[in-house]
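One-letter residues, chain by chain:
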Protein chains: 2
Amino acid sequence: MTTKEIALTGRSILAGVSVAGTGATVHGADPATDRALEPGYTLIDEAQLRIATAAAEEAYASFSRMEPGAHAAFLERIADNIDAVGDELVTRAMAETGLSEARLTGERGRTTGQLRLFARVVQQGDHRGVRIDPALPGRTPAPRADIRQRQLALGPVAVFGASNFPLAFSTAGGDTASALAAGCPVVFKAHNAHPGTSEIVGHAIADAVHEAGLHPGVFSLVYGQGSRIGQALAADPVIQAIGFTGSRGAGQALVATAAARPVPIPVYAEMSSINPVFLFDGALQGDVDALAEAFVGSVTGSSGQLCTAPGLVFVPADTGGDGFATAVERALAKASGQTMLTAAIADSWVAGVDTLGAQEGVDLVARGRAGATQNAPAPAVFETDVSTFLTNDTLHEEIFGAASMLIRYSSPEELVGAASRLEGQLTATLHLTDHDHATVALLLPVLERKVGRILANGWPTGVEVGHAMVHGGPFPATSASRTTSVGTLAIERFLRPVAYQDIPDDLLPQPLRENNPWHLNRRLDGRLEPAGNDS
Amino acid sequence: MTTKEIALTGRSILAGVSVAGTGATVHGADPATDRALEPGYTLIDEAQLRIATAAAEEAYASFSRMEPGAHAAFLERIADNIDAVGDELVTRAMAETGLSEARLTGERGRTTGQLRLFARVVQQGDHRGVRIDPALPGRTPAPRADIRQRQLALGPVAVFGASNFPLAFSTAGGDTASALAAGCPVVFKAHNAHPGTSEIVGHAIADAVHEAGLHPGVFSLVYGQGSRIGQALAADPVIQAIGFTGSRGAGQALVATAAARPVPIPVYAEMSSINPVFLFDGALQGDVDALAEAFVGSVTGSSGQLCTAPGLVFVPADTGGDGFATAVERALAKASGQTMLTAAIADSWVAGVDTLGAQEGVDLVARGRAGATQNAPAPAVFETDVSTFLTNDTLHEEIFGAASMLIRYSSPEELVGAASRLEGQLTATLHLTDHDHATVALLLPVLERKVGRILANGWPTGVEVGHAMVHGGPFPATSASRTTSVGTLAIERFLRPVAYQDIPDDLLPQPLRENNPWHLNRRLDGRLEPAGNDS
C-alpha cells in the first residue's frame, strides 16, 4: 500500500474548514516512552463548537433525504479515503496508543469494513421500516385512512471517541458510521489521547463529504476539553442523540446532561462490563493448558483494554478447577505486559490491581512479566470464592487492563445464585461440553437478562461486525439496553418512526410513495412484501 | 349481548388473588352528578405491592417463553372475556367517566380489537427479530462464529391507566396489550377515577391468565395513591419498563424516578400535545362551514379530552381565514358542553381557559353552550396572531378539554417560522388542495421533526390501531420519541436484542433453533428469508 503524505495541522475541522482552537494546546503522547508527540492540538471554545452544530443542522435536510445509491457511495468513499491514507495511519495510531501494528491493521479493516457494511444496509433500505396500511374507504362503521410509516433520521448526532479503539470506536467508528448511515450529520469529539489519528481519519471523512458534493456540515471533528466542550456538545439544542464509548463516570455524566436538557435526548453510552466466563466440568476434561492459554490471551490482548475482556471466570472448586488455576499460572508465566494506552490508564490499572489484591479473601494466582516499555505493567490474575465475591462490591468493578479473577464455585446452585447477583454485562461466556447442558440450561435464563451476548467455547474479545451481533446489554454495560453499538442493528438508534395519513403521493417522502421508487421491502397491512432487492 | 352479573369488590387483584388494601378507601364518582359511586376501593401499601411485583418476576420465565399459538390464544381470551362481560362494562364506564355510550362502545371494540391484533402479531412472530449470521469456518484471516440474535422480553412492566380512555388506554389498553404480547408480565396501576371499570377488566384478564393455565403473576391490578404506590412501582427493582399516558407533570415524575434507580429503566410516557392544524388557502375555497363543523366536532368530541385534540389552528390572516373564523362561530353555536371526566379536570379546564382568555392579544371567537350536567362547561375557541403566539409561552400549553385557538398567519414564511417554534407533538394536520402543495412542501420538513403523525384533510382525533400508526413524537409529546404507544410497533418498547454465539442448538431459545420450529421469518446474513407464515 502506498502512503499519502500527511501534514497534521493540530486543528479542528468545522464543517469542512480547518480551524485553530482559541483554547489550550494538548499533545498526544507515546505511552511506550511518555514522550509528547507533535503537533499540538488547539482546543476549541463554545462559539467554535456552535459553528459545527449549526452547520450540522443546516446539513440535515438534504443529507437525511439522500437517495440510497448516492448515500451508500458516500459511506464507501469514506472507507476508500481511509484506505488511501496508507500505512501512515497505522504508524500514527501506534505512536499515540502503544497498540501493535497487527492490532491496528486489523482495526482499520474493521473500520472500513463496517462503513462498507452500512453502505449495503443503506442501499438495501430495510432500516427505513416502511409500513403501509392502505385506505379502506368501505370499512364500517368508519372508513380507514391510508396510513404509511417510515423511519426518519433523528437529526445531528454527537459522537465521542473512545480511547481504546482509535479507529473502530473513534472518528469513523461504529457510532459515526451508523449515524451517517441513518442520515444524521455527525459532530465528532476526538479523544485527546489520539488526536493525530483522529485528524487523519477526520480529513478522510471531510474529503468524502466534499467529493460527494454534500453540505459540509455533514461532518465536523472537534478537539476540546471533555468536561467543557464535551458537555456543551451534549447540551447543544441541535444535537438529537449521543454515541459514546468509555468509562461509567463519563457516560453517566453525559446521561445526566442529556436528561436535564429542555428537550432530553437519547444517550447510547457503552460503559462498563466485566464479562463473566463460566467454566463447566466437562470443559475441564479436555486440554486445560490450551484453555488457560486462550484465556490469558483474551485477558492480555491489547493489554486487556477491550470492553469485552474477561474480568471474571467462574471455576469449579474441585480438582478440575485446581488444574485450570495451575494452568493459568503456567500460561501467565509466558505473558508479558504490553504498553497501555496512556500513563494515566496504566496508573489507574496499577491502583485497581493493588486494591483488588488487598481485599480479604482474594489471592493472587500469578502475574506475568512487566513489559520493556513504559506503562506496560505485568498482567495479573487473582482468585477468590463465590461468597467473598458476593459480599464485596469492589470485586464487581471493572479494572480496565490485563487483570482477571477466578471465582471458585461449589455447585450449580451457587453458580446460578452468583450469576443472578451480577450487574448488566456486554457478554457472558460458557465453556461446556455435551456433559454440561443440564447445568447450563439452569444458568442461561439468568444470563439472558444480564447480558447482550452469550457465547460458548470461545472468548468474548473480538467482536464480529455483522447483522446478528449485539454489543450492548443492561445497565451499567450500556445506558440503553435495547440497542447495540456494533453491527447493523446499530443504525436503529438514530431513527424514529413518523406516520403519514392521507398525504398526497407527491408530498410523501420517497420511501413511502406508491410506486416505491427506492425498491424497498415494505410491510403491507402487516405482511412483508419483499421488493426483491436483497442481494 | 348478554350481560354477566358483576359484583364489584373494591379490591386489588394481586397475582390472581383478590386482596383488600390496608390504606384509605377511594370512590369513583359520576362526574355528571358529582355523586360518589359504590363500592369504595381500598388502597394497597408497599408490602402488598411487592406481592404483585414478586409474582410478576416469578411469572416472567415461563410467560416470556410461551409458544406463539398459546400466547396468541391467551391474548384472544382476554378479548373474549371482555366481550363476555357485556354491557355492564360500558354502563359502569359511563357512570365513572361521563363519556357517552357510543364512545365507550367504540372504545371497547378498539380495546378488544387491539388485543386480537397483537394476537396475530405474536403468532406471526416478526417482533422476535431473528437474525442469523452463520459460521464461516474457512474465512481468513479469522473464521466467523455462528451468531444469532433475537428480541427478548424486557421483564415485568408497570402500566399506569389513563383517565381519558378507561378502556383503550387503561387496564387492558394498548400498553398492557403490547407488553403482554412482548412476553412481559404486567403490574397495572388503576386510575382512581374509574376504579370499577378497571376492576371489571382486571378480572377479565386475571380470568384469562387462570383459564390459560399461566402463572398468576402474569397480571396484577393494584389500587394505590399515585405519589406513593405509583412511585414505589416505578422504583421497584423487578420492574423493567413503564408505560404511561397522562399529564406532563406525572410523566416527568416517573421519568425522574426511573432515571434515579440504581438500574435505570425506560419510561414510555405519552404526555402533552396541542396538535397543530394548518389551513391553507386552497382548503378555504371549499365548504367552509363543513370544515368548521368538523373542526368543532374534533375539538368537542369526548369533551375535548383526547390526546390528539386539535388545540391550535393556523388560519390565513386574509378574508378566507375570516370566513373560517365566522364559520367556527356558527358551528360553536350548535355545540354544547359534555360532562368532563372528573370535577378536578373540569375545574382545571375552566382555569386554563380563563388564563388563556386573559392573555394580551388573545380574543374569544365564540363559546358553545354549557351542558345540562355537572362539569360540562361550554366549549371555547380563541384567536390570536403568530407574533403573539410566539412571544407568550402560555399559549403553547395544553388545555385538556374542549378548547382551541385560531392563529392567524400572513405568509408561508411566517407559518414555517411558527411551526419551527412548536414543541414536540403527537400530530400535525394539514388542510390543503392541489393548489397548496408548494407551500406544504416548505412546511413538511419542519413538521416531520416535530411530530409522530402528519395527516391531511382530516382531523387528528380518532387514532387508527394498525401496523403503520405512530402515536408518539418528540418531547414533550412523549418521553421516548423513537416509539409509538398505539399500533403494532408498540411491542418493540418491551423487547431488547440478545445475541447467541456458537451456542449448541438444544440450548438455543426456540426462535433461533436451526429447524425454525416457530416458522419465523429470519434475516440470514442480512437477507430476509420469509418463512411463508404471513397470512
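About the thresholds
Residues numbered from 1 in each chain as written. Chains lettered and ligands numbered in written order. Predicted model: local features only at pLDDT ≥ 70, side-chain atom pairs only at ≥ 80, totals over all residues. Contact = placed C-beta atoms within 7 Å. Helix = DSSP H or I, 4+ residues; strand = E, 2+ residues; numbered from the N terminus. Nonpolar A, V, L, I, M, F, W, Y, C, P; charged D, E, K, R; others polar. Pairing = 2+ DSSP bridges. Buried ≥ 20, exposed ≤ 12 C-beta atoms within 10 Å, placed from the backbone. Axes fitted to C-alpha atoms, helices over the stretch in contact; angles between N-to-C directions. Parallel < 35°, antiparallel > 145°, perpendicular 65-115°, else oblique. Left-handed = near helix turned anticlockwise from the far one by under 90°.

1. Focus: the interface of chain B and chain A
Think of interface size as the accessible area that goes away when the parts come together; that is how it is often given.
Phase 1: The partner chain A presents 61 residues to the 61 residues of chain B that form the contact.
Phase 2: The set of elements that each furnish at least two residues to the side of chain B that touches chain A consists of β7 (131-133), β8 (147-153), α14 (437-448), β20 (451-456), β21 (495-501) and β23 (527-529) of chain B.
Phase 3: Here the side of chain B that touches chain A is composed, by residue class, of 31 nonpolar, 14 polar and 16 charged.
Phase 4: Bridge count between strand β20 (residues 451-456) of chain A and β21 of chain B: three bridges; the pairing is parallel. Residue pairing in the sheet places Arg453 of chain A in a bridge with Ala499 of chain B of β21 of chain B.

2. Some thoughts on the environment of Gly224 of chain A
Residues and elements named next belong to chain A.
Phase 1: Here Gly224 is to be found in the loop between β11 (219-222) and α7 (226-235).
Phase 2: Note: C-alpha distance between Gly224 and Leu43 (181 residues apart in sequence) is 4.5 Å.
Phase 3: When near neighbours in sequence (up to four residues on either side) are disregarded, Gly224 contacts Leu43, Ile44, Leu49, Lys189, Ile229 and Gly230.

3. A few points about the pairing of strand β17 (residues 380-385) of chain B
All names here are of chain B.
Phase 1: Most of β17 is tucked away, with five of its six residues classed as buried.
Phase 2: Examined bridge by bridge, strand β16 (residues 363-367) and β17 share four bridges and lie antiparallel to one another. The residue bridging Ala366 from the neighbouring strand is Val381, located in β17.
Phase 3: Note: β17 against strand β18 (residues 403-409), six bridges, orientation parallel. Looking across to β18, one finds that Phe382 is bridged to Met405.

4. A look at the pairing of strand β12 (residues 241-245) of chain A
All names here are of chain A.
Phase 1: Most of β12 is tucked away, with five of its five residues classed as buried.
Phase 2: Every second residue of β12 is oriented toward a common face, with Ala241, Gly243 and Thr245 on one face and Ile242 and Phe244 on the other, all of them buried.
Phase 3: As judged from the four bridges shared by strand β9 (residues 157-160) and β12, these two strands associate in the parallel manner. Bridge pairing in β12 links Ala158 to Ile242.
Phase 4: Of the pairings in the sheet, the one linking β12 to strand β13 (residues 267-270) comprises four bridges and is parallel in character. Its bridge partner being in β13, Gly243 is matched across the sheet by Tyr268.

5. Some remarks on the packing of helix α2 (residues 68-85) of chain B against helix α6 (residues 195-211) of chain B
Residues and elements named next belong to chain B.
Phase 1: In contact at an axis separation of 8 Å, α2 and α6 are set at 135° when each is read in the N-to-C sense. Between α2 and α6, the interaxial angle falls into the category oblique. In the crossing of α2 with α6, the sense of the turn from one axis to the other is right-handed. Residue-level inspection shows Phe74, Arg77, Ile78, Asn81, Ile82 and Val85 of α2 in contact with α6, the latter providing Ile200, Val201, Ala204, Ile205, Asp207, Ala208 and Glu211.

6. Concerning unusual backbone geometry
Phase 1: The omega angle of the peptide bond from Thr140 of chain A to Pro141 of chain A is 0°, so this bond is cis rather than trans.
Phase 2: Note on placement: Pro141 of chain A falls in the loop between β7 (131-133) and β8 (147-153).
Phase 3: Residue Pro476 of chain B follows Phe475 of chain B across a cis peptide bond; omega there is 5°.
Phase 4: Here Pro476 of chain B shows up in the loop between β20 and β21.
Phase 5: One non-glycine residue, Ser303 of chain A, lies in the positive phi region at around 55°.
Phase 6: The class of Ser303 of chain A is buried, set by 31 C-beta atoms lying within 10 Å.
Phase 7: Phi at Asn457 of chain A is positive, roughly 55°, even though this residue is not glycine.
Phase 8: Take Asn457 of chain A: it is sitting in the loop between β20 and β21 (495-501).

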